[in-house]
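# Chain and residue survey
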Amino acid sequence: QSARAPIQRIADQVAAKFVPAVILISVGTFFTHWLATGITDNALIASVAVLVVSCPCSLGLATPLAIFVGTGRAAQLGVMVAGAHILDSTKAIDTVVFDKTGTITKGTPFITDVLAPNESKLTLLTLATELESRSGHPIAQAFKFFPSTPSEIQDFTMHPGKGISGLVNGIEVRIGKAELFDRIPQTLTASSSQESILFIGRGSIAEAKVTLGDEVRTTSAEAIELLRQLKLEVALLSGDSYQETRNVADKVGILNFKADVLPEDKHRFISDLQSEGKCVAMVGDGINDTPALAASDLGIALQSGTAAAQRAADLTIITNDPRAVADGIALSRKTLRVIKTNLVWAFSYNLIAMPLAITGLLRPTHAAFAMALSSLLVVTNSLSLRRFTSLSSESPA
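Sequence positions are assigned chain by chain, starting from 1 and proceeding in written order. In keeping with the model being predicted, local features are shown solely for residues with a pLDDT of at least 70 and side-chain atom pairs are shown and tallied solely at 80 or more, while totals for entire chains, interfaces and linings include all residues. The basis for every side-chain value is the complete set of non-hydrogen atoms in the structure, without hydrogens or water.

## Observations concerning the pairing of strand E12 (residues 298-302)
Of all five residues that make up E12, five are buried, and the element is covered over most of its length. Each residue's exposure class comes from its accessible area (1.4 Å probe, protein chains only) as a fraction of the maximum for that residue type: buried when under 20%, exposed when over 50%, partly exposed otherwise. Starting at the N terminus, helices and strands are each numbered in turn, a helix being any DSSP run of H or I of at least four residues and a strand any DSSP run of E of at least two. Burial along E12 is two-sided: Leu298, Ile300 and Leu302 facing one way and Gly299 and Ala301 facing the other are all buried. Pairing between strands is defined by DSSP: at least two bridges between the two strands are required. In this sheet, E12 lies alongside strand E11 (residues 280-284) in parallel orientation, the contact comprising four bridges. Bridging across to E12, Met282 finds its partner in Gly299. Considered for its hand, the β-α-β crossover made up of E11, helix H10 (residues 290-295) and E12 is right-handed. Two elements, E12 and strand E13 (residues 315-317), share three bridges in a ladder whose sense is parallel. Directly across from Ala301, in E13, lies its bridge partner Thr316. When the strands point away from the viewer and the connection leading from the first strand across the helix to the second strand turns clockwise, the crossover is called right-handed.

Here you go:
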């Protein structure tokens, strides 16, 4: 709320010249009336009326009050605004890109099947559980139900978009996609068409295949429809397989999607859209989304996501409800419209009232009333943002 919106510069630039100009006009008004009539009282009254009627209260209130009310209402709807600068971003946004896991889906994957030799299955799952305990990725939650023992973990390494590796009690363990391994046995190559696949191995050869499932959020389809009502294009990115990503995209009604993407691919996807003249908002929750969030014109993170993603974002959805993305964009746009209306009124008021005061048609008492009325109108218009309601059928707050 303490940050200045870019549109505030207009008021600042005007105010810098407005005050000295009004003082000169007031002095000029005094001497003009005094020379024309020779009556000092009337000249002084007209001069004071100019000063009173031009008090820039409404001009000073126009932007900060609207931002104060708008950000407060956004918080009630589950949207935390990082700064006033996002107002200029939201007005131009025409494309919203979602990361799949943790945004469109719940981001709480669960294991649906494990394919491994019976004699080594428990050992492999235990090693995987130990290694995943060092990972902040949502996939780690899928292994929390397997037994674990205090272990010494060394050389823990994250391979963005591929998986993780490390030494668990001196044993090299790898968990991730097929690209993380030198060889995948033929017995493990068959895959489900709609679920995510991970491989586990003690070394460079995969020994087990784990099939993961993740539920689509019940509000995701409505969130996509709300964004379309705002005339926004929607796209979906995922590091998961094509079939799984397509399945999720079909469920929520997204036609434009891209699968098997690495973090740098997400960044490139955003940059490519921007090079086409698009103004892009990115919605993500993981550390893999951070480059894309930073590159986008408007970064949006979920509260359940990583701290890195939240730091890179302009908006944070504290309810983890994707419908709040549309609310945040719509409310930001309305706040900007209110600010513009306030500024137009503040300028128009001075353009009308100032000549009346200069000519002596507006007495100081009337000028004071008009000045107070202009401020009241700006305050009332700003407070109208409190009546903004969620675009969804049921408020995400």
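Having seen it, we continue.
## Section: the pattern of salt bridges
Each salt bridge in this description consists of a side-chain nitrogen of Lys or Arg and a carboxyl oxygen of Asp or Glu lying within 4 Å of one another. The final tally for this structure, using the stated rule, is twelve salt bridges. Measuring nitrogen to oxygen at the nearest pair gives 2.9 Å for the salt bridge that ties Lys100 to Asp240. Pair noted here: Lys100 is in helix H5 (residues 100-104) and Asp240 is in the loop between strand E9 (233-237) and helix H8 (242-252), with a separation of 140 residues, a long-range link. For the pair Lys100 and Asp240, one class covers both residues: buried.

## Focus: the nonpolar core
With 51 residues, the main nonpolar core has Val96, Phe98, Leu227, Leu298, Ile300 and Val325 as its most contacted residues. Top contributing element to this core by residue count: helix H12 (residues 323-358), with eleven residues. Contacts: residue pairs with any heavy atoms within 4.5 Å of one another. Non-local contacts of Ile300, meaning those with residues more than four positions away in its chain, are made with Ala281, Met282, Val283, Gly284, Leu293, Ala313, Leu315, Ile317 and Val325. Residue types Ala, Val, Leu, Ile, Met, Phe, Trp, Tyr and Cys, when buried and joined through side-chain atoms within 4.5 Å, form a set referred to as a nonpolar core. Counting 20 residues, the second largest nonpolar core, distinct from the first, contains Phe143, Ile200, Val210 and Leu212.

## A short note on the packing of aromatic side chains
Each pair of aromatic rings is reported with the distance of its centres and the angle of its planes. Centres within 6.5 Å make a pair out of two Phe, Tyr or Trp rings, where for Trp the six-membered ring is used; the pair is then stacked when the planes are under 30 degrees apart, edge-to-face when over 60, and tilted otherwise. Overall, the coordinates contain six aromatic pairs when judged by the stated rule. A ring pair is formed by Phe30 and Phe31, whose centres lie 5.3 Å apart and whose planes are at 85 degrees; its orientation type is edge-to-face. Using a relative accessible area of 42% as the deciding quantity, one classes Phe31 as partly exposed. For the ring pair Trp345 and Tyr349, a centre distance of 6.3 Å and an interplane angle of 35 degrees mean the geometry is tilted. Within this pair, Trp345 and its partner Tyr349 are both found in helix H12, separated by four residues, close to a single helical turn. Among the residues examined, Trp345 registers a relative accessible area of 33% and is labelled partly exposed. On the accessibility criterion, Tyr349 (6% relative accessible area) is buried.

## A closer look at the side chain of Ser165
Along the chain, Ser165 turns up in strand E5 (residues 163-168). Looking at Ser165, the relative accessible area reads 12%, which means it is buried. For the purposes of these results, a polar contact is taken to be a pair of N or O atoms within 3.5 Å, where, inside protein, one atom must be able to donate a hydrogen and its partner to accept one; residues adjacent in sequence count only when each atom of the pair is a side-chain atom. Within the local environment of Ser165, its side chain forms a polar contact with the side chain of His159, the two groups lying 2.8 Å apart. Here Ser165 is in contact with Leu131, Asp155, Phe156, Thr157, His159, Val173 and Arg174, once residues within four sequence places are set aside.

## What to know about the environment of Leu237
Its location among the elements puts Leu237 in strand E9. Taking the relative accessible area as the measure of exposure, Leu237 reaches 0% and is therefore buried. Separated by 21 residues in sequence, Leu237 and Lys258 place their C-alpha atoms 5.0 Å apart. Residues contacting Leu237, with those up to four places away along its chain left out, are Val97, Phe98, Asp99, Lys100, Lys258, Val261, Lys266 and Phe269.

## Concerning the sheet that holds E12
The strand order across the open sheet formed by seven strands is E1-E13-E12-E11-E2-E9-E10, and the pairing between neighbours is mixed. Both outer strands of the open sheet, strand E1 (79-81) and strand E10 (256-258), are each paired with one neighbouring strand and no more. Sheet twist, expressed as the average angle between the axes of neighbouring strands with direction ignored, equals 20 degrees. Lines fitted to the C-alpha atoms define the axes, with helices restricted to the stretch that makes contact. Angles between their N-to-C directions range from 0 to 180 degrees. Lying on the sheet, H8 is in contact with E9 and E10; it crosses E10 at an angle near 155 degrees.

## Focus on the packing of helix H1 (residues 8-37) against helix H2 (residues 40-53)
Relative to each other, H1 and H2 sit at 160 degrees, their axes nearing to 8 Å. Classified by the angle between their axes, H1 and H2 sit roughly antiparallel to one another. Considering the relative orientation of H1 and H2, their crossing is right-handed. Of the residues in H2, those touching H1 at Val22, Ile25, Ser26, Val27, Thr29, Phe30, His33 and Trp34 are Thr40, Ala43, Leu44, Ala46, Ser47, Val50 and Leu51. For classification purposes, angles smaller than 35 degrees are called roughly parallel, those larger than 145 roughly antiparallel, those between 65 and 115 roughly perpendicular, and all remaining angles oblique. A clockwise turn of the near helix away from the far one marks a right-handed crossing, whereas an anticlockwise turn of less than a right angle marks a left-handed crossing.

## Some words on the sheet that holds strand E3 (residues 110-115)
Across the sheet, six strands lie side by side as E3-E8-E7-E6-E5-E4; this open sheet has antiparallel pairing. For this open sheet the edge positions go to E3 and strand E4 (153-159), each flanked by a neighbour on one side alone. Between one strand axis and the next, the sheet turns through 20 degrees on average, direction left out of account. The strands touched by helix H6 (residues 118-132) are E3, E4, E5, strand E6 (171-176), strand E7 (196-201) and strand E8 (208-213); relative to E5, the strand with the most contacts, the crossing angle is about 105 degrees.

## Looking at the confidence of the model for the chain
Every residue carries a pLDDT, the predictor's confidence in it, which falls somewhere between 0 and 100. Model confidence for the chain is summarised by a mean pLDDT of 87, while 95% of its residues fall at 70 or above. Per-element confidence in the chain ranges from a low mean pLDDT of 73 for helix H11 (residues 307-312) to a high of 95 for E9.

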